[in-house]
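Coordinates in review
Below are the chains, spelled out letter by letter.
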Amino acid sequence: MAHPIMFDEHDPLLARLRTLALALPEAEERISHGRPWFSVVGGTAFAVYGSGTKGPESVRHDAGLVVHVDEDERPARVQDPRFFVPAYLGPKGWLGIDLDPPDTDWREVAELLDASWRHAAPRRLVGLRDA
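Residues numbered from 1 in each chain as written. Predicted model: local features only at pLDDT ≥ 70, side-chain atom pairs only at ≥ 80, totals over all residues. Heavy atoms only, no water.

1. Some points on the overall build of the protein chain
The cut-off we apply is this: Starting at the N terminus, helices and strands are each numbered in turn, a helix being any DSSP run of H or I of at least four residues and a strand any DSSP run of E of at least two. With C-alpha atoms as the basis for the radius of gyration, the globule rule is written as 2.2 Å multiplied by the number of residues raised to the power 0.38. Only heavy atoms matter for contacts: two residues are in contact if any of them lie within 4.5 Å across the pair. In short, Shrake-Rupley with a 1.4 Å probe defines the accessible areas, and a residue's cover is counted only from the protein chains shown.
The number of helices and strands found in the protein chain is four helices and six strands. When the helices and strands of the protein chain are listed from N to C terminus, the series reads α-β-β-β-β-α-β-β-α-α. Its C-alpha atoms give the protein chain a radius of gyration of 14 Å, near enough to 14 Å, the size a compact globule of 131 residues would have. Dimensions of the protein chain along its principal axes, counting C-alpha atoms only, are 45 × 35 × 30 Å. Restricting to contacts in the protein chain with at least 6 residues of sequence separation, those with at least 24 account for 50%. Total accessible area computed for the protein chain in this model is approximately 7,600 Å², and 55% of it derives from carbon and sulfur atoms.

Here it is as structure tokens:
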């Protein structure tokens with residue numbers, strides 16, 4: 001059974017996020033579980049647009065960006081009220097941040113995407129990006 005689509009194709013936040021994510025080397029977008037996922041071509045995902053938390057006080061974050069954060073940054077990010085621990089991916093080191101205009105720091109979003117992409121990309125691509 002296919003998941004229902006849980007995003008608006010014309011969402012301006014998604015358009016801006018796509019521009020940043022797809023600018024990374026060999027990045028591609030696919031729809032999985034009803035949401036846009038960004039991954040390295042033929043490889044691992046590095047970002048998801050939209051998520052939620054689970055538990056008795058679960059919250060949907062339809063304009064949330066979920067990324068894999070560096071382990072050394074995780075404790076500080078978890079303390080930052082802008083971040084949330086997403087259902088399912090949270091235990092694997094991922095965190096979410098809502099893309100709430102006008103407060104969104106798009107430079108920070110680009111840095112989060114880059115760091116998460118580095119977790120997913122093969123070493124040769126990371127080396128090319130750093131060269």
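Picking up where we left off.
2. Observations concerning unusual backbone geometry
Residues apart from glycine generally show negative phi values, whereas peptide bonds are mostly found in trans. Here the amide bond leading from Pro101 into Pro102 is cis, since omega sits at 5 degrees, within 30 degrees of zero. One non-glycine residue with positive phi stands out, namely Glu26, at about 55 degrees. As for its position among the elements, Glu26 is in the loop between helix H1 (12–22) and strand E1 (27–32).

3. A short note on the nonpolar core
Here is the rule: Among the buried residues, those of types Ala, Val, Leu, Ile, Met, Phe, Trp, Tyr and Cys that are joined through side-chain atoms within 4.5 Å form a nonpolar core. Each residue's exposure class comes from its accessible area (1.4 Å probe, protein chains only) as a fraction of the maximum for that residue type: buried when under 20%, exposed when over 50%, partly exposed otherwise.
By size, the foremost hydrophobic cluster in this structure holds 29 residues, and its most contacted members are Leu17, Phe46, Leu65, Leu99, Leu113 and Trp117. Those elements that place two or more of their residues in this core are H1, strand E2 (35–40), strand E3 (45–52), strand E4 (60–68), strand E6 (94–98), helix H3 (106–120) and helix H4 (123–130). By residue number, the principal contributor to this core is H3, which donates six residues. Once you skip the residues sitting within four places of it in the chain, Leu113 turns out to touch Leu17, Leu20, Ala21, Leu24, Phe46, Ala47, Leu65 and Val67.

4. Observations regarding H3
Formally: A helix is expected to reach a length of 1.5 Å times the quantity of its residues less one. Between N or O atoms, a polar contact is any pair within 3.5 Å; within protein, one atom must be a potential hydrogen donor and the other a potential acceptor, and residues adjacent in sequence are included only when both atoms are from side chains.
Compared with the 21 Å implied by 1.5 Å per residue over 15 residues, the 21 Å span of H3 between its first and last C-alpha is a close match. Buried within H3 are the following residues: Trp106, Glu108, Val109, Leu112, Leu113, Asp114, Ala115, Ser116, Trp117 and Ala120. For H3, the side-chain oxygen to backbone nitrogen distance between the N-cap and Arg107 is 3.1 Å, and the N-cap itself is Asp105.

5. A short note on the sheet that holds E1
What counts is decided by this rule: Two strands form a pair only when DSSP identifies at least two bridges running between them.
Taken together, six strands build an open sheet; the order of strands is E1-E2-E3-E4-E6-E5 and the sheet is antiparallel. Because the sheet does not close on itself, it has two edges, and the strands there are E1 and strand E5 (83–84). In the sheet, E5 pairs with E6 via two bridges, with the strands oriented antiparallel. Bridging from a neighbouring strand, Phe84 pairs with Gly96 of E6.

6. A look at the packing of aromatic side chains
Aromatic ring pairs: the centre-centre distance and the angle between the two ring planes describe each pair. Going by this rule: Stacked, tilted and edge-to-face are the three classes assigned to paired rings of Phe, Tyr and Trp, where Trp is represented by its six-membered ring and a pair needs centres within 6.5 Å; plane angles under 30 degrees give stacked, over 60 edge-to-face, the rest tilted. Charge over a ring is defined by NZ of Lys or CZ of Arg lying within 6 Å of the ring centre and within 35 degrees of the ring normal.
In the structure shown here, the tally under the stated rule is zero aromatic pairs. Residue placement shows Arg129 over the ring face of Trp117; its charged tip is 5.9 Å from the ring centre.

7. Considering the packing of H1 against H3
Rule in force here: Every axis corresponds to a line fitted to the C-alpha atoms, with the helix fit spanning only the stretch in contact, and the corresponding angles, defined between N-to-C directions, vary from 0 to 180 degrees. For this classification, under 35 degrees means roughly parallel, over 145 means roughly antiparallel, 65 to 115 means roughly perpendicular, and everything else is oblique. Crossing handedness is defined as follows: a turn of the near helix away from the far one that is anticlockwise and smaller than a right angle gives a left-handed crossing, while the clockwise case is right-handed. Charged residues are taken to be Asp, Glu, Lys and Arg, nonpolar residues to be Ala, Val, Leu, Ile, Met, Phe, Trp, Tyr, Cys and Pro, and polar residues to be all remaining types, Gly included.
Following both chains from N to C, one finds H1 and H3 inclined at 50 degrees, their axes separated by 10 Å at the closest point. Accordingly, the angle class assigned to the pair H1 and H3 is oblique. The handedness of the crossing between H1 and H3 comes out as right-handed. Together, Leu13, Arg16, Leu17, Leu20 and Ala21 of H1 and Trp106, Val109, Ala110 and Leu113 of H3 make up the contact between the two elements. Residues of the contact of H1 with H3, tallied by class, amount to eight nonpolar, no polar and one charged.

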